[in-house]
Amino acid sequence: MNYVVGLIKDYKRECLLLLCLLVGLMAYGIVKAGFWFGIVSIFVMYFLVGLYVFSNIQPREWEASVIFVLYLAAAVLVILCFSMVSMANENLFHGSLTSPALTREWDHYFFSASMFTSLGFSDFKPLTYEAQVFAVAQSLLGNAHGVSFILVMLGRKRWLGHSEHAVEPVSG
């Protein structure tokens, strides 16, 4: 993994261009391909973006507000991707007597947001196996997203046991 991180650091622009291309292709696949491809694509996109960010970001204390905005933007984008998967596969999210169907775009977004943030199902209950897997996948990725935010806020130097104000040895 250190080799991959080293390559990403050495070729930041090329890796960012490749990442944007892959994310675009996967976003297209989320809408056009099947249910399982959509879920797997979201996880792969999240991993690739996370790998790029963790390889390049070195937050300082004053950057906390910027990182928080980026964290919120990433959460909204992931929730939108999950919403697109559920809208493209609307037949899997039918209602019952006790649970309404996801019929409007807002219903799909609201369901995805409540699952991603682990708030619960709200008024919607996943009835099919695929819808239940979808709900679990969103909850797992939402929790991982929260942990990632905490790790970034702690700072990479602190992960390795170094203080932010460590003094480099003077060579003579």
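Asker: Mind laying out the overall build of the chain, listing which residues take part and the relevant values?
Answerer: Within the chain, the regular secondary structure consists of seven helices and zero strands. A sequence separation of at least 24 residues applies to 68% of the contacts in the chain between residues at least 6 apart.

Asker: Can you explain the environment of Val49? Please cite residues and give values.
Answerer: Looking at where Val49 falls in the secondary structure, it is placed in helix H3 (residues 35–56). Val49 sits 26 residues away from Val23 along the chain, and the two C-alpha atoms are 8.5 Å apart.

Asker: If you had to explain the packing of helix H1 (residues 2–10) against H3 to someone new, which residues and values would you point to?
Answerer: Between H1 and H3, the least distance of the axes is 9 Å, while the angle of their chain directions is 75 degrees. Between H1 and H3, the interaxial angle falls into the category roughly perpendicular. Of the residues in H3, those in contact with Val4, Val5, Ile8 and Lys9 of H1 are Leu51, Tyr52, Ser55 and Asn56. Its residues assigned to classes, the contact of H1 with H3 shows five nonpolar, two polar and one charged.

Asker: Quick one: what's the story with the nonpolar core, residue by residue and with numbers?
Answerer: Judged by nonpolar contacts, the single largest core of 26 residues is most densely connected at Phe35, Ile42, Val78, Phe93, Phe111, Phe134 and Leu141. Elements supplying a minimum of two residues to this core: helix H2 (12–32), H3, helix H4 (64–88), helix H5 (105–116) and helix H6 (129–154). It is H4 that provides the largest number of residues to this core, a total of six residues. Not counting residues up to four positions away in its chain, the partners in contact with Phe134 are Phe35, Ile39, Phe82, Val85, Ser86, Phe93, Phe111 and Ser112.

Asker: Tell me about the confidence of the model for the chain, residues and numbers included.
Answerer: Confidence in the prediction for the chain averages 77 pLDDT; 77% of positions are at 70 or higher. Mean pLDDT in the chain bottoms out at helix H7 (residues 156–159), which sits at 52, and peaks at H5, which reaches 85.

Asker: An account of the packing of aromatic side chains is requested, with residue identities and associated values reported.
Answerer: Taken as a whole and judged by the stated rule, the model has six aromatic pairs. Ring geometry for Phe35 versus Trp36: centroids 5.1 Å apart, planes at 80 degrees, classification edge-to-face. Trp36 gets classed as partly exposed once you look at its relative accessible area, which sits at 43%. Taken together, a centroid distance of 5.9 Å and an interplanar angle of 45 degrees make the contact between Phe35 and Phe134 tilted. Separated by 99 residues along the polypeptide, Phe35 in helix H3 and Phe134 in helix H6 bring together distant segments of the chain. Across the pair, exposure class does not vary: Phe35 and Phe134 are buried alike. These aromatic residues form a ring-pair network of at least three members: Phe35, Trp36, Phe82, Tyr129 and Phe134.

Asker: So what's going on with a nonpolar patch on the surface? Which residues, and what values?
Answerer: On the surface, a nonpolar cluster with roughly 400 Å² of combined accessible area is contributed by Tyr3, Val4, Leu7 and Tyr11. Tracing the backbone shows Tyr11 in the loop between H1 and H2.

Calculation notes
- Sequence order as written defines residue numbering, which begins from 1 separately in each chain.
- Residue-level local features of this predicted model are given only where pLDDT is at least 70; pairs of side-chain atoms are given and counted only at 80 or more, and the full residue set underlies all totals for whole chains, interfaces and linings.
- Water and hydrogen atoms were dropped before computing side-chain values, which therefore reflect all heavy atoms in the structure.
- The way it works is that DSSP assigns letters per residue, a run of H or I at least four long becomes a helix, a run of E at least two long becomes a strand, and they are numbered from the N terminus.
- By the convention used here, residues are in contact when the closest approach between their heavy atoms is within 4.5 Å.
- Only C-alpha atoms enter the line fits that serve as axes; for helices the fit covers just the stretch in contact. Angles between N-to-C directions range over 0 to 180 degrees.
- Each angle is binned into one of four classes, with values under 35 degrees roughly parallel, values over 145 roughly antiparallel, values of 65 to 115 roughly perpendicular, and all other values oblique.
- Only Asp, Glu, Lys and Arg are considered charged in this grouping, and only Ala, Val, Leu, Ile, Met, Phe, Trp, Tyr, Cys and Pro are considered nonpolar; every other residue, Gly among them, is considered polar.
- As used here, the term nonpolar core means buried Ala, Val, Leu, Ile, Met, Phe, Trp, Tyr and Cys residues forming a set that is joined through side-chain atoms within 4.5 Å.
- The classification of residues rests on relative accessible area computed with a 1.4 Å probe and restricted to protein chains. Under 20% of the type maximum is buried, over 50% is exposed, and intermediate values are partly exposed.
- The predictor's confidence in any single residue is recorded as pLDDT, a number from 0 to 100.
- Whether two aromatic rings pair depends on their centres lying within 6.5 Å, for rings of Phe, Tyr and Trp, where Trp uses its six-membered ring; planes under 30 degrees apart make the pair stacked, over 60 edge-to-face, and the rest tilted.
- Patch membership requires over 30% relative accessible area and the absence of a salt bridge. Like charges are linked within 9 Å, and nonpolar side chains (Val, Leu, Ile, Met, Phe, Trp, Tyr) within 5 Å.
- Note on areas: these come from Shrake-Rupley sampling with a 1.4 Å probe, and a residue is covered only by the protein chains present in the view.
- Throughout this description, the term salt bridge denotes a Lys or Arg side-chain nitrogen within 4 Å of a carboxyl oxygen of Asp or Glu.

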